[in-house]
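If you want the building blocks of each chain, they are given just below.
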Amino acid sequence: MNSNLSNSRQAALACLTRWHEGRAFAETLVDRECSRLSLSPADRHLVQALVFGVLRNQSWLDHVIGTLRQGRLDMNVRLILQLGLCQLFLLGMADHAAVYETVNLAPSRLRGLVNAILRNALRKEKAILAEREKLPLHILYSTPRWLVEKWTAQFGPEAARKLLQWNNTTPRLYVRANSLIPLNDPPEGLVPLGGAPGWFSVEGLLPLKDVNSGALYVADPSTRYAIDLLAPQPDEEILDACAAPGGKSAAIIAATGGKARLTATDLHEHRLPVLRENLARYGSPSVATAQADWTQPCPPQWEKRFDAVLLDVPCSNTGVIQRRVDVRWRLNPEEIRRLAALQRTILENASRAVRPGGRLVYSTCSIDAEEDGLLVREFLKDHPEWTLKEEKLVLPQEEKSDGAYAALLICA
Ligand SMILES: C[S@@+](CC[C@H](N)C(=O)[O-])C[C@H]1O[C@@H](n2cnc3c(N)ncnc32)[C@H](O)[C@@H]1O
């Protein structure tokens, strides 16, 4: 058997084990493990497909394991079985290689058990797959039941089902062309996105040269709505309050042909160097950057100072679950309530930085009303001097992109 394939499966098992032990992101664990083992791009690809495939289908895989074997299984064996079933039923790998390699992941005393369960799964394949569509949504789409119920209540059963289905598909990669650093030779494999000028879907390899030069920025097209609503103008004084790592700051500068007077702040001092580095690469080196905690009152020197403020607040990331496989498992209703309270405080304080007649765009990559439209309406109730001019909720299953929310508020 190919030893690189064995390495990839071992790496995937190591990543899943660590994922369950701590709070690290799956993406970070995959990157770290593949670099440690110096895996080739093809092997990295397999590790990612295995780890993400298991995490996206965890409840269904456990359900299948439960139908094949009653009684307790230790975590290591459960993860090995999840990996085996993922290869057999989700990634369509050859049966023989998938079973053989998976059995070899187990300690010798447990190989017989793993082999028996996987062979039993193959014998029952038809029944297992036929049963799938009849399972409750939280098992079929491996999403916590509370989240399924929440989305069903918010969007209706049909839209919720489509969203759950979308979240379990593989995300595409997109880039935004930076008008400040034109591409010399448009790279191959970039397909322009209809209705989103300057945006491309990456159909081949990511053109690293152009990403490193700052001519292309990797981002999802859903992020453009916040900038469109802000409509930054040359010479305006603009604040990007939650700015790191700087994607939207760079887009603001590009939208004004490099002429906005931008201040970019973030809570985390350690994120500022990355923010500055990104802004320099994207052709906007003169942006003023500063550490600021917007849960605290607006600093006096910034009160009523800005023509426009962008508030891209920390959020639950429920709009980007397709891309970030951990989110659904790390989130709970209490965390959403905590984030909504934090967002409301940040909005209260940062809104004071807007001059009379100025505007503020509040944005998230969450699709949950408590962090989006409901929160904005609560704010408006307490602040009659503000009006909601326009808002946009991007639902991933409808736009075939990440989910996002942006609201344009005007100060009297
Ligand atoms: C959604 S991210 C911003 C992404 C950024 N706008 C971009 O396009 O690259 C939210 C940011 O808010 C920052 N943040 C969290 N709490 C904050 C606070 N109290 N004050 C200021 N920034 C905060 C986080 O460090 C994080 O960088």
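What you are looking at is a predicted structure, and each value in this text was computed from that prediction instead of being measured.

The rules we used
Residues numbered from 1 in each chain as written. Predicted model: local features only at pLDDT ≥ 70, side-chain atom pairs only at ≥ 80, totals over all residues. Heavy atoms only, no water. Helix = DSSP H or I, 4+ residues; strand = E, 2+ residues; numbered from the N terminus. Rg over C-alpha atoms; globule rule 2.2 N^0.38 Å. Buried < 20%, exposed > 50% of the residue type's maximum accessible area, 1.4 Å probe, protein only. Areas by Shrake-Rupley, 256 points an atom, 1.4 Å probe, with all protein chains shown as cover. Lys, Arg positive; Asp, Glu negative; His and termini not counted. Charge placed at Lys NZ, Arg CZ, Asp CG, Glu CD. UniProt positions renumbered as here; feature names shortened; annotations may be inferred. Contact = heavy atoms within 4.5 Å. Near = heavy atom within 4 Å. Polar contact = N/O pair within 3.5 Å; in protein donor to acceptor, adjacent residues only side chain to side chain. Nonpolar A, V, L, I, M, F, W, Y, C, P; charged D, E, K, R; others polar. Arc of directions from axis to C-beta. Domains from an automatic or database assignment. Buried area = accessible area lost by both parts, 1.4 Å probe. Salt bridge = Lys/Arg side-chain N within 4 Å of Asp/Glu carboxyl O. 1 Å grid on protein atoms, 1.4 Å probe; cavity = no way out; pocket = protein on both sides within 12 Å on 5 of 7 lines; lining within 4 Å. Points joined across faces, edges and corners; volume = space filled by probe spheres on them. Pairing = 2+ DSSP bridges. Axes fitted to C-alpha atoms, helices over the stretch in contact; angles between N-to-C directions. Core = buried A, V, L, I, M, F, W, Y, C linked by side-chain atoms within 4.5 Å.

### Examining the overall build of the protein
Scanning the protein from terminus to terminus reveals 19 helices and 11 strands. Against the 2.2 N^0.38 benchmark of 22 Å for 412 residues, the protein shows a C-alpha radius of gyration of 24 Å, consistent with a compact globule. Counting only C-alpha atoms, the protein reaches 70 × 50 × 40 Å along its principal axes. A burial count over the protein gives 52% of its 412 residues as buried. Accessible area for the protein stands at about 18,700 Å²; split by element, carbon and sulfur atoms hold 53% of it. Considering the protein, the positive charge centre built from 49 side chains and the negative charge centre built from 47 side chains are found 6 Å apart.

### A few points about the UniProt feature "binding site: S-adenosyl-L-methionine" (unreviewed entry) in the protein
Per the UniProt record, the feature "binding site: S-adenosyl-L-methionine" (unreviewed entry) sits at Cys 242, Ala 243, Ala 244, Pro 245, Gly 246, Gly 247, Lys 248, Asp 266, Asp 293 and Asp 312. Looking at where Gly 246 falls in the secondary structure, it is placed in the loop between β5 (237-240) and α14 (247-255). Note on Gly 246: relative accessible area 0%, which makes it buried. Those residues in contact with Gly 246 that lie beyond four places of it in its chain are Tyr 217, Leu 275 and Leu 279. Structurally, Gly 247 can be placed in helix α14.

### Describing the site of the ligand
Around the ligand, the structure places 20 residues, and the nearest of them are Gly 247, Asp 266, Arg 271, Asp 293 and Asp 312. Contacts to the ligand include Gly 246, whose backbone N or O atom sits 3.1 Å from an oxygen atom. Between the ligand and Asp 312 there is a distance of 2.7 Å, counted from a nitrogen atom to a side-chain nitrogen or oxygen. Looking at the shell around the ligand, its residues break down into 11 nonpolar, four polar and five charged.

### Focus on helix α15 (residues 272-281)
Listing the buried residues of α15 in full gives Leu 272, Leu 275, Asn 278 and Leu 279. Projected onto a plane normal to the axis of α15, the buried residues spread over an arc of 125 degrees and lie on a single side. The elements touched by buried residues of α15 are α14, β6 (261-266) and β7 (288-291). With its phi angle positive at about 85 degrees, Gly 283 sits one or two positions after the end of α15.

### Some remarks on the domain arrangement of the protein
A common measure of how large an interface is: the accessible area buried when the components associate. If you check the domain split of the protein, you get domain 1 (3-135) and domain 2 (221-411). Distance from the C-alpha centre of domain 1 to the C-alpha centre of domain 2: 39 Å. Each partner contributes to the interface: domain 1 provides 11 residues, whereas domain 2 provides seven residues. Taken together, the two surfaces of domain 1 and domain 2 that pack against each other cover about 980 Å², and 47% of this comes from carbon and sulfur. Between the two partners, domain 1 and domain 2, sit zero salt bridges. Counting across the interface, domain 1 meets domain 2 through eight residue pairs in polar contact (both at pLDDT 80 or more). Sorting the residues of the side of domain 1 that touches domain 2 by element identifies α3 (41-56) and α4 (58-68) as the ones contributing at least two each. At three residues, the largest contribution of residues to the side of domain 1 that touches domain 2 is made by α3. In the side of domain 1 that touches domain 2, the residues fall into six nonpolar, three polar and two charged.

### Let's talk about the layout of surface pockets
Considered as a void within the structure, the second largest pocket measures approximately 210 Å³ in volume. Looking at the second largest pocket, it is lined by 13 residues, and the ones nearest its centre are Lys 304, Ser 351, Arg 352, Glu 385 and Trp 386. Of the residues forming the lining of the second largest pocket, the biggest block, three residues, is contributed by strand β9 (residues 354-364). Across the lining of the second largest pocket, the residue classes break down as five nonpolar, two polar and six charged.

### What about the sheet that holds strand β3 (residues 199-202)?
Read from one edge to the other, the open sheet built from four strands follows the order β2-β3-β1-β4, with strand pairing classed as antiparallel. For this open sheet the edge positions go to β2 (190-192) and β4 (216-218), each flanked by a neighbour on one side alone. In this sheet, adjacent strand axes meet at a mean angle of 35 degrees when their direction is disregarded. Looking at chain direction, β2 and β3 are connected through three bridges and run antiparallel.

### A closer look at the nonpolar core
One finds Val 47, Val 51 and Trp 151 to be the most contacted residues of the largest nonpolar core, which totals 64 residues. Of the residues forming this core, the biggest block, nine residues, is contributed by helix α5 (residues 75-90). The residues touching Trp 151, leaving out its near neighbours within four places in the chain, are Thr 143, Gly 156, Ala 160, Leu 163, Leu 164, Asn 167, Thr 318, Ile 321, Ile 367 and Asp 368. If you look at the next biggest cluster of nonpolar residues, it comprises 28 residues, including Ala 292, Phe 306, Ala 350 and Ala 407.

### Some details on the sheet that holds strand β10 (residues 386-394)
Pairing is mixed in the open sheet, where seven strands are placed in the order β7-β6-β5-β8-β9-β11-β10. In this open sheet, the two edge strands, each paired with only one partner strand, are β7 and β10. On average, each strand axis in the sheet is inclined to that of its neighbour by 15 degrees, with strand direction left out of account. Direction of pairing for strand β8 (residues 306-312) relative to β9: parallel, over a ladder of six bridges. In the sheet register, Asp 312 faces β9, and the bridge partner there is Ser 363. Across the sheet, helix α18 (residues 373-382) touches β9, β10 and β11 (404-411), and the angle it forms with β10 is around 180 degrees.

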